[in-house]
Amino acid sequence: DELKDFCYLVNPFFPPESLNNELKYSLNKLMQSYPSGEKVQAMLGGKLFGVPESQIVVGNGAAELIDKVTGTLNGRFGLYGPTFEEYTARFNNIDLRVPNTEGFRYGKDDVIALAEDNDGVILINPDNPSGNFVPYEDIIAILEHLHSAGKHLILDESFLDFAEDGFNSTVLNAADLERFPNLVVIKSIGKSYGVGGLRLGVLASSNTKLVKQVKESIPIWNINSVAEFYLQIIGKYMAEYKESCGKLIAARVQLLKDLRKIPYLEPYESQANYILCKVIGKDAGQLASDLCNKYSILIKDCSGKASVDDQYIRVAVRDTRDNESLVAGLKALL
């Protein structure tokens with residue numbers, strides 16, 4: 001059986017064949033060409049998200065930018081867990097708290113409370129692996145509160161386009177960035193645009209001093225020419241991209257319904273392209289290994305991540321056929 005990977009969080013409905021063909025057609029030429037420098041990359045990133053090039057930097061994946069921003073922002077940052085471990089690995093002064101709520105839910109007031117004891121807050125929205133989501137108006141309220149207190153918000157929107165009203169929930173736009181110089185937005189392009197292997201991400205802030213510092217800390221050619229070409233052509237495919245996110249939302253809604261019918265799982269609402277489930281009466285590690293050995297399905301055992309005794313798994317949302325295979329495998333393990 002072909003291995004189905006439900007650990008890997010990528011958009012299964014994008015890029016379209018036409019975009020792939022455009023890349024293939026230019027590949028030989030791109031492989032022989034050097035990419036442009038930072039200035040051109042920033043111009044391309046700025047064009048994609050509608051922000052000035054002085055306020056955006058393109059990174060070799062969001063991971064490179066997470067690493068670089070730690071050198072420009074000092075102080076202690078609060079963060080809710082379980083979460084994307086790159087932040088806890090890179091920031092050496094983290095106040096990590098795990099909410100004792102079902103499904104690790106937290107909202108606006110919790111984030112504001114977390115800010116009280118720290119110099120700033122890191123917020124992954126939707127969070128990974130919980131799928132917890134803070135809506136736009138609450139993000140604005142958090143930003144207003146932190147701004148008046150002179151504190152930073154590092155906001156990771158890598159999975160935001162998969163949220164119900166994701167495209168209207170972003171603060172990665174000129175007006176919101178301008179209004180809140182205490183805001184630093186990080187977004188992985190690989191995850192939602194289905195090109196994790198190209199290693200693309202952006203960091204944006206109207207704090208141009210911070211953006212300049214990040215730019216200065218990055219090597220001269222951090223983005224390869226294939227990734228740069230992708231940034232050049234992606235604008236033509238935005239209608240298909242938005243459509244792909246809509247398909248993913250529909251697939252998630254269906255998968256959540258199906259997972260709820262499995263007696264030993266308690267899946268949590270998610271606004272991302274993955275669903276966290278509590279495992280009841282079974283061992284999550286054993287479940288992951290049975291699914292792999294018997295049905296060639298890979299899922300993520302999140303039990304260690306949660307830093308609590310309960311058992312959890314995270315499954316990616318894939319296309320309908322793959323999602324049905326996952327559900328069938330889980331049912332067969334009853």
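First, a word on scope: everything that follows refers to the structure included in this document. (Residues numbered from 1 in each chain as written. Predicted model: local features only at pLDDT ≥ 70, side-chain atom pairs only at ≥ 80, totals over all residues. Heavy atoms only, no water.)

A look at unusual backbone geometry
Stage number 1. Note the cis peptide between Phe14 and Pro15, where omega equals 0°.
Stage number 2. Among the secondary structure elements, Pro15 is positioned in the loop between β1 (4–5) and α1 (17–32).
Stage number 3. Backbone torsion omega between Asn128 and Pro129 reads 15°, so that peptide bond is classified as cis.
Stage number 4. Its location among the elements puts Pro129 in the loop between β5 (120–124) and α6 (136–148).
Stage number 5. A positive phi angle, near 55°, is found at Arg199, a position not held by glycine.
Stage number 6. Tracing the backbone through its elements, the reader meets Arg199 in the loop between α8 (189–193) and β8 (201–204).
Stage number 7. A relative accessible area of 36% places Arg199 in the partly exposed class. (Helix = DSSP H or I, 4+ residues; strand = E, 2+ residues; numbered from the N terminus. Buried < 20%, exposed > 50% of the residue type's maximum accessible area, 1.4 Å probe, protein only.)

Things to note about a nonpolar patch on the surface
Stage number 1. Residues Tyr34, Ile220 and Trp221 make up a contiguous nonpolar surface patch of roughly 420 Å² in combined accessible area.
Stage number 2. Its place among the elements puts Trp221 in the loop between α9 (208–216) and α10 (225–233).
Stage number 3. Looking at Trp221, the relative accessible area reads 44%, which means it is partly exposed. (Patch = residues over 30% accessible without salt bridge, like charges linked within 9 Å, V, L, I, M, F, W, Y side chains within 5 Å. Areas by Shrake-Rupley, 256 points an atom, 1.4 Å probe, with all protein chains shown as cover. Salt bridge = Lys/Arg side-chain N within 4 Å of Asp/Glu carboxyl O.)

Comments concerning the sheet that holds strand β2 (residues 56–59)
Stage number 1. Here we have seven strands laid out as an open sheet, ordered β2-β8-β7-β6-β5-β3-β4, and mixed in their pairing. Either end of the sheet is taken by a strand with one partner, and the two such strands are β2 and β4 (94–97). Adjacent strand axes in the sheet meet at a mean angle of 20°, parallel and antiparallel pairs treated alike.
Stage number 2. Of the strand pairs in this sheet, strand β7 (residues 183–188) and β8 are connected by four bridges, and their pairing is antiparallel. What sits directly across from Val185, in β8, is Ala204.
Stage number 3. Against the sheet, helix α5 (residues 108–116) contacts β3 (77–80), β4 and β5, and its axis sits at roughly 150° relative to β3. (Pairing = 2+ DSSP bridges. Axes fitted to C-alpha atoms, helices over the stretch in contact; angles between N-to-C directions. Contact = heavy atoms within 4.5 Å.)

Remarks on the packing of aromatic side chains
Stage number 1. Overall, the coordinates contain eleven aromatic pairs when judged by the stated rule.
Stage number 2. On the numbers, 4.7 Å between centres and 45° between planes, the contact of Tyr34 with Trp221 is tilted. Of the two residues, Tyr34 sits in the loop between α1 and α2 (38–49) while Trp221 sits in the loop between α9 and α10, which places them 187 residues apart along the sequence.
Stage number 3. Geometrically, the ring pair formed by Phe84 and Tyr87 is edge-to-face, given 6.2 Å between the ring centres and 70° between the ring planes.
Stage number 4. According to the relative accessible area criterion, Phe84 is partly exposed, its value standing at 25%.
Stage number 5. Taking the relative accessible area as the measure of exposure, Tyr87 reaches 0% and is therefore buried.
Stage number 6. By the ring-pair criterion, three or more aromatic residues cluster together here, those being Phe14, Phe167, Tyr193 and Tyr241.
Stage number 7. Seen from the ring of Phe84, Lys191 lies directly overhead, with NZ or CZ sitting 5.1 Å from the centre.
Stage number 8. The residue whose ring lies beneath Lys282 is Tyr264, and the NZ or CZ to ring-centre distance is 4.8 Å. (Phe/Tyr/Trp six-rings, centres within 6.5 Å; stacked < 30°, edge-to-face > 60°. Lys NZ or Arg CZ within 6 Å of the ring centre and 35° of its normal.)

Brief notes about the side chain of Lys151
Stage number 1. With respect to the helices, strands and loops of the structure, Lys151 is situated in the loop between α6 and β6 (152–156).
Stage number 2. Within the structure, Lys151 has its side chain in polar contact with the backbone oxygen of Glu116 (distance 3.3 Å).
Stage number 3. Aside from chain neighbours lying at most four places away, what touches Lys151 is Ala115, Glu116, Asn118, Asp119, Gly120, Leu146 and Asn182. (Polar contact = N/O pair within 3.5 Å; in protein donor to acceptor, adjacent residues only side chain to side chain.)

Let's talk about the packing of α2 against α10
Axes are the key here: two packed helices are described by the angle between their axes and the distance separating the axes.
Stage number 1. Their axes nearest at 9 Å, the elements α2 and α10 cross at an angle of 35°. Crossing handedness for the pair α2 and α10: left-handed. Contacts between α2 and α10 involve Val40, Gln41, Leu44 and Leu48 from the first element and Glu228, Leu231 and Gln232 from the second.
Stage number 2. Its residues placed into classes, the contact of α2 with α10 shows four nonpolar, two polar and one charged. (Left-handed = near helix turned anticlockwise from the far one by under 90°. Nonpolar A, V, L, I, M, F, W, Y, C, P; charged D, E, K, R; others polar.)

Focus: α10
Stage number 1. For α10, the tally of buried residues reaches eight of nine residues, placing the bulk of the element in the interior.
Stage number 2. Along α10, the residues that are buried comprise Ser225, Val226, Ala227, Glu228, Phe229, Tyr230, Leu231 and Ile233.
Stage number 3. Two or three places before Val226, at the start of α10, stands the capping residue Asn224, its side-chain oxygen 2.9 Å from that residue's backbone nitrogen.

What to know about empty space enclosed by the protein
Stage number 1. By the definition in use, this model includes one cavity of 30 Å³ or more.
Stage number 2. The wall of the largest cavity is formed by Ala62, Ile66, Phe84, Ile124, Asp156, Ser158, Phe159 and Lys191.
Stage number 3. Taken together, the residues of the lining of the largest cavity sort by class into five nonpolar, one polar and two charged. (1 Å grid on protein atoms, 1.4 Å probe; cavity = no way out; pocket = protein on both sides within 12 Å on 5 of 7 lines; lining within 4 Å. Points joined across faces, edges and corners; volume = space filled by probe spheres on them.)

What to know about the pairing of β3
Stage number 1. In β3, alternate side chains face the same way, and those of Phe77 and Leu79 on one face and Gly78 and Tyr80 on the other are all buried.
Stage number 2. Taken together, the four bridges between β3 and β4 define a ladder with parallel strand orientation. Paired with Tyr80 across the two strands is Arg97, which belongs to β4.
Stage number 3. Crossover handedness for the path β3 to helix α4 (residues 85–90) to β4: right-handed.
Stage number 4. Note that β3 and β5 share three bridges and pair parallel. Bridge pairing in β5 links Gly78 to Val121. (Right-handed = clockwise from strand over helix to strand, strands pointing away.)

Treat this as a map of the structure, not an account of what it does.
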